[in-house]
Amino acid sequence: METSTEGATRPDISPAGPGEAVDTVVVAGPPAAPPVSLSPSRASDFMRCPLLYRFRVIDRLPEKPSEAATRGTLVHAVLERLFDAPAGDRTVPRAKSLIPGQWDRLRESRPEVAELFADDPEGERLARWLTEAEALVERWFTLEDPSRLEPAERELFVEAELDSGLRLRGIIDRVDVAPTGEVRIVDYKTGKAPRPEYAEGALFQMKFYALVVWRLKKVVPRRLQLVYLGSGDVLTYDPVLADLERVERKLLALWEAIRRATETGDWRPRPTKLCGWCDHQAHCPEFGGTPPPYPLPLRAPESGGGEQGRMGPD
């Protein structure tokens, strides 16, 4: 799960397709300010739709919590907390027993999630939802054996500044370090694995993290691992330095496009099939809406600019 640290509470909502948990609940924040850093999910937002990036980072428009996103947050919390127990106690029953307490903690820290089941007085929908969370947790044990894992880090906040001054940040679900010093970065996804033709987009977040780790530790992670609890798949990739250098160049170009859009106010919508899942249709011109007044100072666009809406995943 990637957690946004830009204009949102935990988490960086990472955009997701139908059936995949979205790991961010965005709430109204402080007054608008130009972006100063980039996280994987915010980078993905801009590549998907520059106007969506503006709504989340510049305008900080609120987004309602969803059952999928909240379930993802709950499952992540359970998997993190399970490693507090001795290796021999990291069992399926122990993991399932953590769910009620973590759900209580989530409601305390984010009262807005209680709205999800406000129309469920008998608790039937909540019971099904919790059962679905249990199933995701149980499936994890078929993919990894937590009794044989001793993570070096869990829910690790990382931040690095590139030579250009661009700050990259995010939260890594789990970091494993072998006795030989090799590093594995692991991310849990409560949705389904993407089709092969979309695998590169799914790995973007992981390569982002690998770049940050390389910049911080001067070590190229040995393996990037995406664990898809929704479908029971594990996607792995072994990066090399050239991969990370390409990601850095891509992010620098992306950041330059974001800088131009911030200064000119030219945030173009980029319609896709995911628009139907967007909370901001009322403000989007593609749906007949009007964006809020732009809250930052503007300057005249440069000649030949305005291609930021064409930035793709590669």
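For the structure, check the block above.
Note that this is a predicted model, so its numbers are computed, not measured. (Residues numbered from 1 in each chain as written. Predicted model: local features only at pLDDT ≥ 70, side-chain atom pairs only at ≥ 80, totals over all residues. Heavy atoms only, no water.)

Peer 1: Explain the pattern of salt bridges here, please?
Peer 2: Think of it this way: side chains of opposite charge can pair up when their charged atoms draw near. Inspection of the entire model under this criterion finds 31 salt bridges. For the salt bridge of R90 with E150, the shortest nitrogen-to-oxygen distance reads 3.1 Å. A residue pair is termed long-range when its members are at least 10 positions apart, and R90 in the loop between α3 (67–82) and α4 (92–109) and E150 in the loop between α5 (124–143) and β2 (153–161) qualify at 60 residues. Taking the relative accessible area as the measure of exposure, E150 reaches 56% and is therefore exposed. A cluster of three or more residues bridged by salt bridges with shared partners is formed by E256, R259, R260, E263 and R299. (Salt bridge = Lys/Arg side-chain N within 4 Å of Asp/Glu carboxyl O. Helix = DSSP H or I, 4+ residues; strand = E, 2+ residues; numbered from the N terminus. Buried < 20%, exposed > 50% of the residue type's maximum accessible area, 1.4 Å probe, protein only.)

Peer 1: What is the right way to read the packing of helix α1 (residues 40–48) against helix α7 (residues 241–264) from this model?
Peer 2: Each pair of packed helices can be summarised by the angle the axes make with each other and by the distance between the axes. At a minimum axis separation of 11 Å, α1 and α7 run at an interaxial angle of 65°. The pairing of α1 with α7 is recorded here as roughly perpendicular in orientation. Remark: the crossing between α1 and α7 carries left-handed chirality. Facing A43, F46 and M47 of α1, the residues of α7 in contact are K250, L251, L254, A257 and I258. Here the residues of the contact of α1 with α7 are counted per class, giving seven nonpolar, no polar and one charged. (Axes fitted to C-alpha atoms, helices over the stretch in contact; angles between N-to-C directions. Parallel < 35°, antiparallel > 145°, perpendicular 65-115°, else oblique. Left-handed = near helix turned anticlockwise from the far one by under 90°. Contact = heavy atoms within 4.5 Å. Nonpolar A, V, L, I, M, F, W, Y, C, P; charged D, E, K, R; others polar.)

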